[in-house]
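Overview (structure and organization)
Spelled out from the first residue to the last, the chains are:
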Amino acid sequence: MASSTSSNCVDSVLNALENLDGLWDLNVYQSEQLKREYRLMRTFLLCARIWGTSDNKEHVSYLESFMSKLEAGIHKLALKLQMEQKTDRVFNKRLFILTSSVQRSIKSFKQTINHFYFIFSNSLLQTSDCLTAHELMELIDSVLENLVDVLLCILGYDDQDLLELCKDLQEKLRFFQSLIRFAVLRVVEQRQLGAALSHINSVALNAADLFSMCWFDIKGEQVSNQVQYKISELLQKINPFDPQVRDIYIQVLVASNSSGSCTMSKESNKHRLGNLVDALLDNFWELLNCNTGLMDSATSQMHIVYEGLRFLRTILKNQHENFDELPENVKDTIGDAVGEAKNVIHSLFMHELKEDSAKDMDLVFFAFQKNIKLIEAEVGDRYAVTATFKSPSAIMAEVNLVNMEYVGIGDDEFSYEAQKEAQATPHSQLQWTSPTFNQVVVGFHDEAGQIICQLTGGSGALDVVSIVGMPGLGKTTLANIVYHDPMIVCHFHIRAWCCISQVYGKKDVLFQILACIDPLRSDEYSRMDADDLAIALYHCLKGHRYLLVLDDVWDIEAWNALKVSFPNDANGSRILLTSRISRLALEVKPASKPLHLRQLTDDECLELLQKKLVERGGYPPALFLYGKHIAKGCKGLPLTVVITAGILANLEQDGWEEIAESLSSETVSGTEHCKSILELSYKHVPHYLKPCLLYFGAFREDQEIPIWRLMRLWIAEGFVQKTEVKSLEDTAEDYIMDLIGRSLVMVDKPKSTGGVKTCRIHDLLHEFCLRKATEENLLKLRRDDAGLPKFDEPSNTRRLFIYSKARHFQKSRLFCPLLSSLVVSTQSEEYGTPYNVSSIFRIFKLLRVLDLGKINLGFVFPGEITLLVQLRYLAFAGSMNYIPSSIANLWNLETFILKSLHGRLFLPDTVWNMQTLRCLHVSGKFFDLSLAKDKLGSSSDLCNLDTISALELDLGQSMDKIMKKFPNIRKLKCSLRETEESCGDWNKIVAMDFLRRLESLKLSFYRVKEKDYEFSFPMNLKKLTLEAFPWSMISSIGSLPNLEVLKLLGTKAGGEKIWNMEEGEFPKLKFLKLELLCIVRWTCSGDHLPCLQKLVLESCLNLEELPSCLGEIPTLELIQVHRCPGHVGSLVQEIKEEQMNWGNVNLKILVLDQRRL
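Note that the coordinates shown come from a computational prediction; the quantities given were computed from them, not determined experimentally. (Residues numbered from 1 in each chain as written. Predicted model: local features only at pLDDT ≥ 70, side-chain atom pairs only at ≥ 80, totals over all residues. Heavy atoms only, no water.)

Below, the discussion takes up the side chain of Arg760. With respect to the helices, strands and loops of the structure, Arg760 is situated in strand β8 (residues 756-760). The buried category is assigned to Arg760, whose relative accessible area is 13%. Here Asp702 takes part through its backbone oxygen, which lies 2.4 Å from a polar atom of the side chain of Arg760. Here Asp748 takes part through its side chain, which lies 2.6 Å from a polar atom of the side chain of Arg760. For Arg760, the residues in contact, after removing those within four places along its chain, are Cys499, Asp702, Gln703, Glu704, Val745, Met746 and Asp748. (Helix = DSSP H or I, 4+ residues; strand = E, 2+ residues; numbered from the N terminus. Buried < 20%, exposed > 50% of the residue type's maximum accessible area, 1.4 Å probe, protein only. Polar contact = N/O pair within 3.5 Å; in protein donor to acceptor, adjacent residues only side chain to side chain. Contact = heavy atoms within 4.5 Å.)

Quick look at the structure:
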């Protein structure tokens, strides 16, 4: 029949269209539309090859008749186009006439084509005939060419679910295509491939049938749903877990097992072999997923296979430009090696079926290794070693070394020297003092005033104010000063800050802004997509005067994507933008005059250096001259001054001369100068701190990093050394404070107790840390929002940090059996869809750190996790209600973090056997850790447990017994509830005073009705938070001698109206927050709150009187009033006046969102 001729004719028409692009003023849309129609027609013709073998002679005769007409019509159109191609130029009118004629012809063909798709639909599923291997490859090529383009053009690019399904189907079809090409390359006869070709034939024809569903039907939700269902059905036919599909893989491999080697004399074979290696790597991955026990029984062989295939792919594809220079015999050896790789995978497949095949497997591996080593010897000089490519021998040597030193799997080259140095460091040198969190700023007073005037003055229209300048000049510092200025705080109803950075994600930025505006709705926002977040932000800002700081913007795309969410209500709203790219400010607002931040003068550099050194203990007058030289050598960059101050603060006086000479010899300036200072600073960091510093490179640029999480990761990684006098947590905190003191780490948010809550590092330091960490093989960072590259990590990778969408990570092909740390972060929390990532639990058996905290693992706890017995740190999210008792198999686990997404969470009794547990943190919901009464006395104590959040406890005697199970707890967050026992006959005394190390306690009373409980708190308590509490507890709080932070967040209905503080109460209190209290009068009768620094009053709607002692407290720095009646603002202004009379002129008053009653 004529289908082959017709398809060739279509190809010639497509080629003609391609050539005409350069000759015509052709409308791009018209051109692409025509090409798409012809490609779809070609797919139809390729399908017609198999339809022509149907037993229904009437249908076949009808098809042949139509094919003749179609061939004639295509030839006629081709001649027209070829004639026009000879013309120098075609006018638009003639082009329009020709295009319309072509489209009418196609439309007449499509009606009949649609009919054929319909009448042959059953044969697509039932036919026993199939195309030849070459014809089948041609059909799959055509389907792949059309798949995503056609479906999305017709059904819409906004259908992300359909896009992901299309990509999955493309991937699987390419795999089948590679299998066929492999068989052809190995000269396998078609009769040997029988069932395999038949199955692949059915899959390809069904994939082609997808086009009939959307090519002929109108766009609509029903069609989209049908297509999605059809693709999902097809994917099941290619699922390697299906025994039939596995048999197909094996059949192709067995059929080609006896064939000759793959000659490399032809250029086309090089490309085929490259594609084949990709297919074998895919096959290798599917093998791992099919055979869960393979990693246990053939670990070393798996390493050899993986590294050998990656090596061959580098030669054939990644660095193929050197291939042609290789001798012919080496090319032939490469072909042999690919064949041996196939034999290896075949043997591994068969290993599960034949347990006695170990000897045959050894022979196959020996042959494969021999070929790889021969090739390696020949090509080693030609192929450059890169970050992702080393020779297989080098990698396997490292693998064997690690296997021999298995007991030290978590420690790297830093550990031994670091431990030695840390132990040699006197304990006194690890002491630190609380840093001052008021930023030391020099030289920006005028600039800050200018920006504040621009933000608060001018017209009412929405305006953009920009600060631009090179890295290290202090753009973010200046923006931060302005952002927190009292005038700015009072002027704007809403303020929010977000970091854009170079790696921009719209969803992440929108979430960041909304979470800053309304933190209580963060979980709700995390479940929204980017479009919904954009709408939510618009409505949130609408009608309010707002200030948004967009820090570190790199390109106009970020601004264009966000600006639609910024309403212009002509009320004086402003955007403050910082960027290192000057032209960007003009692109955002062409007529603007951005502030070009200047460099500091030498005198300003000296002043800043002196102030930073005073913070760290003083500036020796004898070194003034050296200091002046050093300040001049900083070349006007504040970042350089600050980092240099951190170096000097840890040097003896004789070290200043070396630093002065080093800075004076620098000939570079600007960013390069900063980088050289960072190298110098790193050189002076103690060895035990270096891995801790470089670890910052694993986080996102400009990321706000919670200190508690950072410390837990450091501990799990083995970076924090044990001492006899301090806990691991205290030592880790010392490390952080040391890095802050060296001006390498910046405090982002301070704790209310005076410590550090979150931190970050400068962009340039982040770049330095990531580069150095990669060079020293400490860790690797992979970031890819479009999908992670396959098989791009060597199998000896030890620590891997991935920033990608959850669905892209799920599809990644990571084979790193020696991996000790895997941290996966998505653009923002992706909790809406559960993901199955069980493959990582089967492959990465040596993990110490597994952090999947932003990925929903579903409703059932993955049991494979309990096989990762080396785990020290485990974090994930999920909707499960129960954690299985096998969790206790993780006998090394120190940190267990779970975000609960659904209902109540129950932990098993076996948790009490996890003696190494130091942190048990559940967010989203409270968890139940109750014990049966008969086990209260017999279960083990968790003596290492330092932190618990958020535990649900039953009031009564059982609560006392459970709390005694963690005697050394320092941080405890729990919700109390009443039960039959608590309402029964007991003394109603809740004793907690035996928890002598407890420093931070949060209690919630939402499920407690009675008010007559008596609490006994430990004397060491420093921070206390009470929610919905009975007011009767106040009497037991004021006498706590070490309490520094108190947050009273709502009382029971009918709470006390008067709070009269007694003499001597709260002697060390520094921070006091009162929210949703019923009190009307707050009074005192003497000297109270002598150390109070910050007072926050929020939503205290009945408050009419404040204690007079507030006007006399010399330490008071800030009073913040939020959502309180207007007269409360007047009361605090009176306090400020009294404070000024006593000489305290620095007291800040912030009154936000006053309520009218």
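Formed by 143 residues in total, the largest nonpolar core has its most connected members in Leu822, Leu852, Phe1017 and Trp1082. The dominant element in this core, judged by the number of residues it contributes, is helix α13 (residues 299-318), at nine residues. In this structure, Phe444, Leu473, Val641 and Leu710 belong to the second largest nonpolar core, which totals 96 residues. (Core = buried A, V, L, I, M, F, W, Y, C linked by side-chain atoms within 4.5 Å.)

Spatially, the five strands line up as an open sheet ordered β2-β3-β4-β1-β5, and their pairing is parallel. Two strands in the sheet have a free side with no partner beyond their single neighbour: β2 (494-499) and β5 (595-596). As paired elements, strand β3 (residues 546-551) and strand β4 (residues 574-579) share four bridges and run parallel to each other. Within β4, the residue paired with Leu550 across the bridge is Leu577. Helix α21 (residues 506-517) rests against β2 and β3 of the sheet, and its axis sits at about 145° to β2. (Pairing = 2+ DSSP bridges. Axes fitted to C-alpha atoms, helices over the stretch in contact; angles between N-to-C directions.)

Let's shift gears to the packing of aromatic side chains. A complete count under the given rule lists 17 aromatic pairs for this structure. Look at Phe876 and Phe896: their rings are 6.1 Å apart centre to centre, the planes differ by 35°, and that puts the pair in the tilted class. You can see Phe876 sitting in strand β13 (residues 873-878) and its partner Phe896 sitting in strand β14 (residues 895-900), a full 20 residues away along the chain. Pair check on accessibility: Phe876 and Phe896 agree, each one buried. These aromatic residues form a ring-pair network of at least three members: Phe1029, Trp1031, Trp1059, Phe1066 and Trp1082. Its end group placed over the ring of Tyr483, Arg495 keeps NZ or CZ at 4.4 Å from the ring centre. (Phe/Tyr/Trp six-rings, centres within 6.5 Å; stacked < 30°, edge-to-face > 60°. Lys NZ or Arg CZ within 6 Å of the ring centre and 35° of its normal.)

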